[in-house]
Structures are given as structure tokens and as C-alpha cells.
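# Coordinate inspection notes
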Amino acid sequence: HDGAHQPGSCCDGVCVAHVHSEASDAHSCLLQTSSSCTPKHPQRSETPYTLCERNPRKTTISAENEVEAQKLANNYKFGFRKWKSHVTERPFEDRSSIVKELYSELNVIKPYSVGSLFTCGNVLYVFLFGWWIALVYVLVGLLMFLTVFGVPYAKLCWKLSCYFLWPFGKSIEKVVFLFISKCNFLCTYIWLLVGYPLLAVTHSVLCLISWMLVFTIPVAKMSTKTLHTILLIPPEHVHISQTQEHESRVILCCYHAVNLYYYKYTVDGINVFAVNLLLLVIVSLVIGYVDKSNEFVSSEVKFATAVSSIIPLSYYIGMGIASISAQSNFAVGAVVNATFGSITELTFYITALVRGHHQGNKCLQEIVKAALTGTLLGCILFIPGICMIIGGLRHSEQRFNSRSAGVSSSLLFISVGGVFAPTLFSKAYGNLVCEDCTNSTGTNSTRKRNIKPLVYTISILLPVSYIIGLIFTLKTHSHIYDIHVGDGTGHLGASVHWSRWRALLILIVATVLMSACADLTTEHIQPILSHSSISQYFIGVTVLAMVPEIPEIVNGVQFALQNTISLSFEVGSCIAVQVCMIQIPILVLFNIFYDVGFVLIFSDLHLWASIFSVIVVNYIFMDGKSDYFQGTALVVVYLILLALYYFAPSPSGC
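Nothing here was measured: the structure is a model prediction, and the numbers come from that model. (Residues numbered from 1 in each chain as written. Predicted model: local features only at pLDDT ≥ 70, side-chain atom pairs only at ≥ 80, totals over all residues. Heavy atoms only, no water.)

Here we come to the nonpolar core. With 86 residues, the main nonpolar core has Leu372, Ile380, Leu544 and Leu587 as its most contacted residues. Setting aside its immediate chain neighbours within four residues, Leu587 contacts Leu346, Tyr349, Ile350, Leu353, Val368, Leu372 and Phe598. Leu117, Ala200, Leu227 and Ile251 belong to the second-largest nonpolar core, a separate cluster that totals 41 residues. (Core = buried A, V, L, I, M, F, W, Y, C linked by side-chain atoms within 4.5 Å. Buried < 20%, exposed > 50% of the residue type's maximum accessible area, 1.4 Å probe, protein only. Contact = heavy atoms within 4.5 Å.)

Written as C-alpha cells, this is what we have:
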């Protein structure tokens, strides 16, 4: 060794791995062992996670507060939803300069060169916004000039038109004079009645567009400050300067219209993309329930918006679960994760089964089975695979605790075997679904009597196995993970983004909205199934299965980038186990009390694809190491299975 600990290297029996994330704090989370092991050349990042292990089972978590440490510890617990984002507010002064720039008020003067302002983003601003905003100011200025009394505001509009055409490097200052203002009350009234409303509409449109584009949020900030402050100041007090000599008088100063780091921007702890996608939820509900006859919007568009609306709602549910779990004890966290952790998928499945039962459409039942299988395949193959590829490209080779991964693998074997046991039973003893298929010996009626008790027995054993897995990993054999909060964790009062009651309220609201979106999805999926040349199996295993899991995929990728690939694996394994051990038994239980014709027998393609996937992923996990080649192998296997579904004929009768 050259004296510096490299990521994933071992020195004197001590394995060191660094995980860097620009999205978290400079001291937000430190993973280390009780033994002292510190890299000689630590790298500065927003969150240096350090894992120092003389014994790979001994891991101590330190964070800036107990709530955040509890959330991090929950990430390592079986049955708990893995969550990357912070659930508490982080001290602003400890953030990196990049993140501080995102939250700046655009009133700070910075040194710059003229050439540094001619960026692609600034030029793009001129073509997207600058020219028409400047044109609107010119027209409003002309209108104010024609009123005679509004001449001072007309001059202001013409000055601002030049500013908004190219605002970069210029500053708008508030200058207070001792003489009496030239603009009387009549002038102000005319401005507020004629000029200001037109500019208010213009800046509102500009603010909405630039905010929705995310990376142009500086333009939205600039527009908001202009509307709320600059346009309400007497015109003679507004001064536009390029010298920027009086920093104390600066109201607005912008240097760049585009900042690619705005994907990290949060509002009350919620990522800006999740905030913006709430508009999609509103649009989906409006067009879905107002335009019942599809006069203005087609069923295809309604289906696409309803399915896409599930993405932000899944994010809010995940944030609510993580917030409650981090502020509660183990029992409450386990209950919340077991109930709300599967609410996204269950809402769609139950809605589809009920609608299919009322319409006498068995195709929706096959779509539900395809979505269940697609979720399994995606969580077993795609999520670990894509995380291994992205993490491997950044960290070359990543290591994980093969024993803890073995626990998840064993539960996967149990769960997949249990779910497909009735299908194997039906293959061994013939068709057990058809009630009218009787023969002279009456053997089919005997088989029919056997299939339901088998399904009910499995539906009891699977949740019991889940509970045993919780007890094994979190109580009796917790040393497999041995994650505990260390003494280095701060004990200052944590300022959480969402309190427990607020998180619970958001969970309930998000669940109700999810039910509405699921209802619209199942209502408008039939035209797509009827007129599409694509196999209905393929639609189920891709769109309906993986869209709700997009937030989980993002979490897994972020964990992989931080060199905590084990959490990336647990993201997929946790979902797959919950599908088999919680969601499917609940569907069977629901069918007992409200018979929708759901039979726990899958097609041959679902059966062998799932079993093959579990075997492949267990083989990959055996050595406790991962790289981008292994990840590529998993993704390729996933794509091969998708190709099988794409070219497979649709289910019989659909």
C-alpha cells in the first residue's frame, strides 16, 4: 500500500470503503467500527460516509441527530423501506457551496468576467424566455406611455425590457432620493390597474414554466422577485447598473439562468421533481373524472397520466413511512412498513380485480398476475443490476455482507416457492381452474377441493415466514447486521421535515389519491389492451409493474453511488419479499371476503421466469462482491425475459 486507503481496500485486516454523496451533509452520517480506522487523505464531499471494518459485522452509525441515525439504521433492517433522503433539516452553514448556491436569493454580487456569462444556459434563456419577456415589457411600456400619467412607469418598463433580454451580470438596485416622487397617486393607480396585471400574468407564466423545467429555477426566482418587489417600487427608485458598486442596495443580481445541480433542490424536504409532479396528479384526476365521455381527452392519454401520477404519490408514501419509522420504536416502524409499504401496489391490484369482476373481464386478473410477476422480476434482476452497473462504473468493485444477503436470498426462495406452489400443483394434477371440466371418475372435483385449502395454507405460511424473518434478523440474530447508533451521534433537537402526525396525514391523503389514480388506470387500460399489438403480458410486467417502483430505483442507484451496494440489493429484495409474503396473501384474503375470482395460479412463463431469476441472482450474490459486469449480466437476463413477454401471445380469452 502507498499509505492511502483506497475505496474497498484492505490494510492490516482493516477494510475501508468511502461513499461520497453530494446530496447530503458534510458530517451527516459516519459509518465506522469501534476500532479506529481513518483514511489519511479524506476527500471533501457533502457527505463522507466511512465504513471501517476490522470485523465486517461491526458497524456503528453516527449522524447529526438521533432521528437521522434511526432512519439510517432502519435502512439496514429487514422489512423496512430503504430511504436515501434526509427526514430532518440539515444546518445550512455546513452545506457545500454548490448546494448553498441553489438556495441563494439572487442578491449577492460576485466577481465575474464577461466571457463567463456567455454560457449555453444563458444563450438558451434568450431563445426560450428573454425575447418575449422583453417584448411584453416594451408593449406594456407603450401602453403606459399612452395613458400620459403613466410615463414614469413606461420608462421603467423599457429599462426592464433591456434587462430581461440579457440580465446576466447586471444588478437592479433600490435607490432612495430625498426629493418628492414624480409619480403621483393617479400614476400609481393607473399602473396597478393597467400595467401591473399584464406583467403579473406574464411573470406567472414565466415562473411556472421555468420552475417546471427545474434546471431553470433561477429564472423562476428572478421572475418572482421582480413581481413581488421590483414592480411595486416607485419607478424612480429602481436603478439598473452593471458596475455593482453598492451591494447593500442590490435587489436582484443573476449570473446564470441554468444550474444543472437543481435536481438536488428540495422544498420542505421534498425533492423538486416530486413537487412538480403533483401537478400531473391534479391534471390526471381532473381529466379523468370531469371528461367521462372522452370528448376532449382520449383514454390513452388518461391512462398515461394516471399511471405517471403513481410516481410522485409513491415518493410521498415512501417519505411518510421513513419519517414515521425514524421517529418511532421498532414495533411501530415494522407495522407502518408492513401496511403502507405495499399500499401502492395493492391499491392498483384490488381496484383492477374489482373492476374486472364487475365487467366480467378476466383479462384484468391476468394483468394483475403479470404486474405481480413483473415486480418480482424487476426487483430481483433489474434494480440490483442497474445499481451494480452504476456503482461499479464509479467504484470499480463493491463489497457487501454476503451473509446478510443470504438471509434475503433464502426468504426469496421461500416466498417465490410458496407463491408458485399452487401453479406447480396444477401442473402436476391438471387444470384446477375450470369448474365444468369433470370426468367419469370425478377426480377434477377432488382436485378443485384441494386447490383452495392449498392456497389458503400458503397464504398463512408466507406472512408467518415474514414475521419469523423479522424476528430472526432484528432480534435473535441481529449480529448479522449489528447496526447500532454510536456515541458520536448528535443529541441536539432534530428539526424534522414531517412530524409523525403530519406524515400519517400525508400517507392517508396519498393513499386516497393513489386509489383514485388506480381507478382511472384500470378504467382506461382496456382500450390499450384491445387495440395494442403488444402482448398484454408485456404491458403488465413493464409499465404497471415498474412505474410504481421508480422512486425505489432512484434510492437504490443513490445507495450504489455512495458505495453502499448492500442497501441497493436490499431495496429490491425487500419489495420482492413483500410482494410474495404480504401482497399476494392479502389479495387471497380479499378474495375470500369479496369473491373477485382471483386464483393463485400463474402461467408457465411467469413460473419459470421467476424461478430462473431467483436462481441467477443467488448465484451472483454468493461471492460478496459486485461490479458492472455482473450488473450487466442481470440486466441482460431481465431484457431477455422482457423479450419473451413482448413476443408472447396475450392470455387466452383476452
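Let's shift gears to the pattern of salt bridges. Under the criterion given, the structure shown has eight salt bridges. Two residues, Lys302 and Asp291, come together in a salt bridge whose shortest N-O distance is 3.8 Å. Separated by eleven residues along the polypeptide, Lys302 in helix α10 (residues 299–326) and Asp291 in the loop between α9 (278–290) and α10 bring together distant segments of the chain. Classification of Lys302 as buried rests on a relative accessible area of 2%. Between Arg355 and Asp519 there is a salt bridge; the shortest N-O distance is 2.4 Å. Here Arg355, found in helix α12 (residues 343–359), pairs with Asp519, found in helix α17 (residues 500–524); they are 164 residues apart in sequence, far enough to count as distant. We classify Arg355 as buried; its relative accessible area is 18%. We classify Asp519 as partly exposed; its relative accessible area is 21%. (Salt bridge = Lys/Arg side-chain N within 4 Å of Asp/Glu carboxyl O. Helix = DSSP H or I, 4+ residues; strand = E, 2+ residues; numbered from the N terminus.)

Two elements in contact, α9 and α17, have axes whose closest approach is 10 Å; the angle formed by their N-to-C orientations is 50°. The angle between the axes of α9 and α17 places the two elements in the oblique class. Pair α9 / α17 crosses with left-handed handedness. Counting all contacts with α9, which are made through Val281, Ser284, Leu285, Gly288 and Tyr289, the residues of α17 involved are Leu513, Ala516, Cys517, Asp519 and Leu520. Counted by class, the contact of α9 with α17 contains seven nonpolar, two polar and one charged residues. (Axes fitted to C-alpha atoms, helices over the stretch in contact; angles between N-to-C directions. Parallel < 35°, antiparallel > 145°, perpendicular 65-115°, else oblique. Left-handed = near helix turned anticlockwise from the far one by under 90°. Nonpolar A, V, L, I, M, F, W, Y, C, P; charged D, E, K, R; others polar.)

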